[in-house]
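Architecture and fold: a report
So you can see what is in the structure, the chains are spelled out below.
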Amino acid sequence: MSSKIIPLLSVRRGAEALEFYKRAFGAEEKLVLNEGGSVFAMLTIGDAEFWMSDESPEHENFSPESVGGSTARIILVVEDVDAAHERAVSAGALEISPVGEANGWRSSRVKDPFGHHWEIAKQSTGP
């Protein structure tokens, strides 16, 4: 049996977040439920899957805006870090760390408008 971890991002303004993830990371909708103004969606970026939903304090699902910061970082592994970083920043992500090389990885870090931190990365092929 295989296993995988699928993150679920809690956000405020779910409909806005859905559109941002599509613009910033090329996310594709696999499932979107909109009940009473609350959005729940399954998205993919390439073959990576993640879910997002409007926060629901009654289920102890809080957005970074509610808790005063993100408690996890999403690592998005891509072929072209520079292009992916530029696309995210152009879509409205805040640059935390510019694209650079460290510890065998080419990476950058951005914060999306909903408080989640994304590390955009690719393992370097050189020595």
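For the structure itself, look to the data block above.
Residues numbered from 1 in each chain as written. Predicted model: local features only at pLDDT ≥ 70, side-chain atom pairs only at ≥ 80, totals over all residues. Heavy atoms only, no water.

**Quick notes on unusual backbone geometry**
Formally: Numbered from the N terminus, helices here are DSSP runs of H or I no shorter than four residues, and strands are runs of E no shorter than two. Accessibility here uses a 1.4 Å probe with only protein chains present; expressed as a share of the type maximum, an area under 20% marks a residue as buried, one over 50% as exposed, and anything in between as partly exposed.
Within the chain, E60 stands out as a residue other than glycine whose phi angle is a positive 60°. Locating E60 in the fold gives a position in the loop between strand 4 (48-54) and helix 2 (64-67). The backbone phi angle of N103 is positive, close to 55°, even though this residue is not glycine. Looking at the secondary structure, you find N103 in the loop between strand 6 (94-102) and strand 7 (105-111). A relative accessible area of 78% places N103 in the exposed class.

**Some words on the pattern of salt bridges**
Inclusion rule: In what follows, salt bridge is the name for a side-chain nitrogen of Lys or Arg lying within 4 Å of a carboxyl oxygen of Asp or Glu.
In the structure shown here, the tally under the stated rule is 11 salt bridges. R106 is the salt-bridge partner of D82, the closest N and O atoms lying 2.9 Å from each other. Of this pair, D82 sits in helix 3 (residues 81-90) while R106 is found in strand 7, placing the two residues 24 residues apart along the sequence. You can call D82 partly exposed: its relative accessible area is 37%. Overall, R106 belongs to the partly exposed group, its relative accessible area being 25%. A network of salt bridges, in which partner residues are shared, links R13, E16 and E65.

**Focus: the packing of aromatic side chains**
The following threshold applies: Here is the rule: rings of Phe, Tyr and Trp (six-membered ring for Trp) pair when centre to centre is within 6.5 Å. Planes less than 30 degrees apart are stacked, more than 60 are edge-to-face, and the remainder are tilted.
Scanning the entire structure with this criterion turns up 10 aromatic pairs. With centroids separated by 5.7 Å and ring planes inclined at 50°, the aromatic side chains of Y21 and W118 adopt a geometry described as tilted. One end of the pair, Y21, is in helix 1 (residues 14-25); the other, W118, is in strand 8 (residues 117-123), with 97 residues separating them in the sequence. No difference in accessibility class separates Y21 from W118, as the two residues are buried. An angle of 55° between the planes, with centres 5.2 Å apart, marks the rings of F40 and W51 as tilted. Separated by 11 residues along the polypeptide, F40 in strand 3 (residues 38-45) and W51 in strand 4 bring together distant segments of the chain. Three or more aromatic residues link up through ring pairs in this structure, and these residues are F20, Y21, F25, F50, F114 and W118.

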